[in-house]
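# Residue-level structural notes
The primary structure of each chain is shown beneath.
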Amino acid sequence: MFRRGFRRGAMRRAMQPNVPPLLQRAHELMAAGNYPAAAEAFEQLARGAETRQRPKTGQLYLQAGRARILAGQKNVGVAHLKRGLGLMAARPVQLQRAGERVVNELKDHGMAAEAQEIADWLKTRLPVGTEARGGAPVASKKPILPATCPACGGVVRADDVDWLDEITAECDWCGSPIRASE
Ligand SMILES: [Zn+2]
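Residues numbered from 1 in each chain as written. Predicted model: local features only at pLDDT ≥ 70, side-chain atom pairs only at ≥ 80, totals over all residues. Heavy atoms only, no water.

## Looking at the overall build of the protein chain
Scanning the protein chain for helices and strands turns up seven helices and three strands. The linear arrangement of helices and strands in the protein chain, starting from the amino end, is α-α-α-α-α-α-α-β-β-β. Per-residue burial over the protein chain gives 38% buried out of 182 residues. In the form shown here, the protein chain has an accessible surface area of approximately 11400 Å², with 52% of it arising from carbon and sulfur atoms. (Helix = DSSP H or I, 4+ residues; strand = E, 2+ residues; numbered from the N terminus. Buried < 20%, exposed > 50% of the residue type's maximum accessible area, 1.4 Å probe, protein only. Areas by Shrake-Rupley, 256 points an atom, 1.4 Å probe, with all protein chains shown as cover.)

Structure, rendered in structure tokens:
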């Protein structure tokens, strides 16, 4: 007696992106402005990802940190931001992009001291020369991506995503392929 249904099911699952419902929920809570609940969801996702040594762990901590700061819990938030950036240390390009964004966001929240602390820390982590890049990178014409990932609902930043081919990017949150409009 062979369980054919199981094989078909397994194959179908393998072709669909594996999007955790909690990730979708976390993005929804963040978009709805429910920051304490979003923070809890992103913290849970980040801890789970860290245990499994997933590559997206750093940005889950960053998002948990943003949510805590928006919820008014600045100390916890900054701790998450530092942890998230620390987990990106092996990827200088990613670290630089994420670090600059975090510094700007902290300034926008009036957290100048925290912004300076993270900017100083970044200087010690980034390879020499990364910081003095200056000027805009050569503008290669990229197709337009949707604002949010159709699979998980996460915000898509065209500057940050990895491109799988000319018109397909990989969601930074769930890894789903995202097709650009041409
Ligand atoms: Zn996604």
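## Digging into the nonpolar core
Formed by 27 residues in total, the largest nonpolar core has its most connected members in L23, F42, L60 and C152. In terms of domain composition, this core takes at least three residues from each of domain 1 (20-127) and domain 2 (141-182). Ranked by size, the runner-up nonpolar core spans 16 residues in total, among them L81, M88, V102 and M111. (Core = buried A, V, L, I, M, F, W, Y, C linked by side-chain atoms within 4.5 Å. Domains from an automatic or database assignment.)

## Observations regarding the coordination of the zinc ion
The protein atoms that coordinate the zinc ion are C149 (SG), C152 (SG), C171 (SG) and C174 (SG), at distances of 2.3 to 2.4 Å. One way to put it: the four donor atoms around the zinc ion meet at angles of 105 to 111°, and that makes the site tetrahedral. When the donors of the zinc ion are listed by position in the chain, the intervening gaps give C-x2-C-x18-C-x2-C. Of this pair, C149 sits in the loop between α7 (112-125) and β1 (162-165) while C171 is found in the loop between β2 (168-170) and β3 (177-179), placing the two residues 22 residues apart along the sequence. (Donors = N, O, S within 2.8 Å, 3.2 Å for Na, K, Ca; no water. Tetrahedral: all angles 85-135°; square planar, octahedral: opposite > 155°, others 65-115°.)

## Quick look at the confidence of the model for the protein chain
Low pLDDT means the predicted coordinates in that region are not meant to be read closely. Here the protein chain averages 86 in pLDDT, while 83% of its residues score no lower than 70. Note on residues 7-15: pLDDT under 50 across the span, and one contact to partners over four residues away in sequence or across chains. (pLDDT = per-residue confidence, 0-100. Contact = heavy atoms within 4.5 Å.)

## Focus on the sheet that holds β2
The strand order β1-β2-β3 describes an open sheet built from three strands, whose pairing is antiparallel. Both outer strands of the open sheet, β1 and β3, are each paired with one neighbouring strand and no more. Averaged over neighbouring strand pairs, the angle between their axes works out to 40° when direction is ignored. As paired elements, β2 and β3 share three bridges and run antiparallel to each other. Opposite A169, over in β3, you have I178 as the bridge partner. (Pairing = 2+ DSSP bridges. Axes fitted to C-alpha atoms, helices over the stretch in contact; angles between N-to-C directions.)

## What about the environment of Q24?
With respect to the helices, strands and loops of the structure, Q24 is situated in helix α2 (residues 21-31). Between the alpha carbons of Q24 and G154 there is a distance of 7.4 Å; along the sequence they are 130 residues apart. Setting aside residues up to four positions removed in sequence, Q24 forms contacts with V19, A151 and C152.

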